[in-house]
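A structural walkthrough
The primary structure of each chain is shown beneath.
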Amino acid sequence: MNESVVVPAAERNDREVEQRMRRLTRRGFATGGMGALAGLLAWGWVRTRPQDQGIPWPLRRMLEWNATLAQSYFRPTRLAPTFSMNVARWPRANGNLGLQNAFDPAAWSLRLENATEKRPLILTLAQIKSLPRVDMVTELKCIEGWSDPVRWTGVRLADLALRWGKATRSGKAADLERFPSDLLRYVSISTPDMGYYVGLDIESALHPQTLLCYAMNGRSLTVEHGAPLRLVIPVKYGIKNIKRIGTIRFTDERPADYWAERGYDWYAGH
Ligand SMILES: Nc1nc2c(c(=O)[nH]1)N[C@H]1C(S)=C(S)[C@@H](COP(=O)(O)O)O[C@H]1N2
Ligand SMILES: [Mo]
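Heads up: these notes are all about the structure in this document.

Calculation rules
Residues numbered from 1 in each chain as written. Chains lettered and ligands numbered in written order. Predicted model: local features only at pLDDT ≥ 70, side-chain atom pairs only at ≥ 80, totals over all residues. Heavy atoms only, no water. Phe/Tyr/Trp six-rings, centres within 6.5 Å; stacked < 30°, edge-to-face > 60°. Helix = DSSP H or I, 4+ residues; strand = E, 2+ residues; numbered from the N terminus. Buried < 20%, exposed > 50% of the residue type's maximum accessible area, 1.4 Å probe, protein only. Lys NZ or Arg CZ within 6 Å of the ring centre and 35° of its normal. Near = heavy atom within 4 Å. Polar contact = N/O pair within 3.5 Å; in protein donor to acceptor, adjacent residues only side chain to side chain. Areas by Shrake-Rupley, 256 points an atom, 1.4 Å probe, with all protein chains shown as cover. Core = buried A, V, L, I, M, F, W, Y, C linked by side-chain atoms within 4.5 Å. Contact = heavy atoms within 4.5 Å.

Right, let's get into the packing of aromatic side chains. Within this structure, the stated rule accounts for six aromatic pairs. Ring centres 5.4 Å apart and planes at 45 degrees place the aromatic pair tyrosine 196 and tyrosine 258 in the tilted group. With tyrosine 196 in the loop between β7 (186–190) and β8 (197–201) and tyrosine 258 in the segment after β12 (247–251), this pair connects stretches of sequence that are 62 residues apart. Judged by relative accessible area, which is 13%, tyrosine 258 ranks as buried. Ring geometry for tryptophan 266 and tyrosine 267: centres 5.0 Å apart, planes at 80 degrees, overall edge-to-face. The residues tryptophan 266 and tyrosine 267 share a single accessibility class, namely buried. Chaining the aromatic ring pairs together yields one cluster made of Tyr196, Tyr197, Tyr258, Trp259 and Tyr264. For the cation-ring pair, lysine 129 lies above tyrosine 214, with the distance from its terminal atom to the ring centre recorded as 4.8 Å. Directly above the ring of tyrosine 258 sits arginine 262, whose terminal nitrogen or CZ lies 3.7 Å from the centroid.

Next up, the structure:
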């Protein structure tokens, strides 16, 4: 097979990214349609099956199967709604797990790890900012029941994966369309002190709206909102939007997740 060189992320223009998104989204729709049809045909049979924890067992099985299917190839979920700049608000600073230590954002660097390799890559904020800049207004939704549209500025986690080749087993730059099976299946992100940590499925992590964010509503991030770099992942609840990122690790093992360990859904999508 011809594994041609992937164009560096910084040279991809927005049009190219949009085309990629559209293709991947179409693929998602096709799968959804098949799922709906299978669901209709099977429903009569499902209803009459014995129950497992209050749910007919085939349904429980289906939930598990969906999770497996979502991981088996690259398929971003739908796009989260975006809003115009003028509705952006300041959310409350919520949650300071992993933020309590004395910390100097100016002395910060990111550890980028691949579970199949020994050596991490250490990146400066300037290197991260050299990736294509993305500006978007999306909602930050907390499981406590509030939400705010916020203007976020940063770079795509997908572009970081494409640029530095840490997301793959082969060590090559990720090629999401032609070699999705080369991608490691999960991403683990933690604060420098490991006080807070989230696990993400690779599809959500590489979703085009998943950003490593350094500015909020047009200003540099403040410490309580996660300076110098935080995750913004609008297809997930606030709990996954980890502030003060220290390490990003690509791995095939499902990562530990602070709130999943305390009873919340590991995926925490909405
Ligand atoms: N390091 C860290 N990140 C975190 C949290 C936290 O406690 N520690 N809380 C999460 C929760 S529950 C929410 S709702 C959002 C809130 O982001 P904000 O403080 O910028 O509004 O941050 C998320 N990221
Ligand atoms: Mo939250």
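Not every one of the 19 residues close to ligand 1 is listed here, only the nearest: Arg92, Leu97, His225, Arg230 and Lys243. Between ligand 1 and asparagine 94 there is a distance of 2.7 Å, counted from an oxygen atom to a backbone nitrogen or oxygen. Measuring from a nitrogen atom of ligand 1, one finds a backbone N or O atom of leucine 97 at 2.7 Å. Contact with the protein chains covers 97% of the free accessible surface of ligand 1, which is 530 Å².

As a further point, take the nonpolar core. In terms of nonpolar packing, the biggest core is built from 41 residues, with Leu160, Ile189, Leu212, Leu231, Ile248 and Phe250 touching the most fellow members. Mapped by element, the contributors of at least two residues to this core are β3 (110–114), α4 (157–164), β7, β8, α5 (202–205), β9 (211–216) and β12. For this core, the element with the highest residue contribution is α4, accounting for six residues. Setting aside residues up to four positions removed in sequence, isoleucine 189 forms contacts with Tyr196, Tyr197, Val198, Leu200, Leu231, Ile242, Ile245, Thr247 and Ile248. If you look at the next biggest cluster of nonpolar residues, it comprises 13 residues, including Cys142, Trp152, Cys213 and Met216.

Honestly, that's just the spatial picture; any functional story needs more than this.
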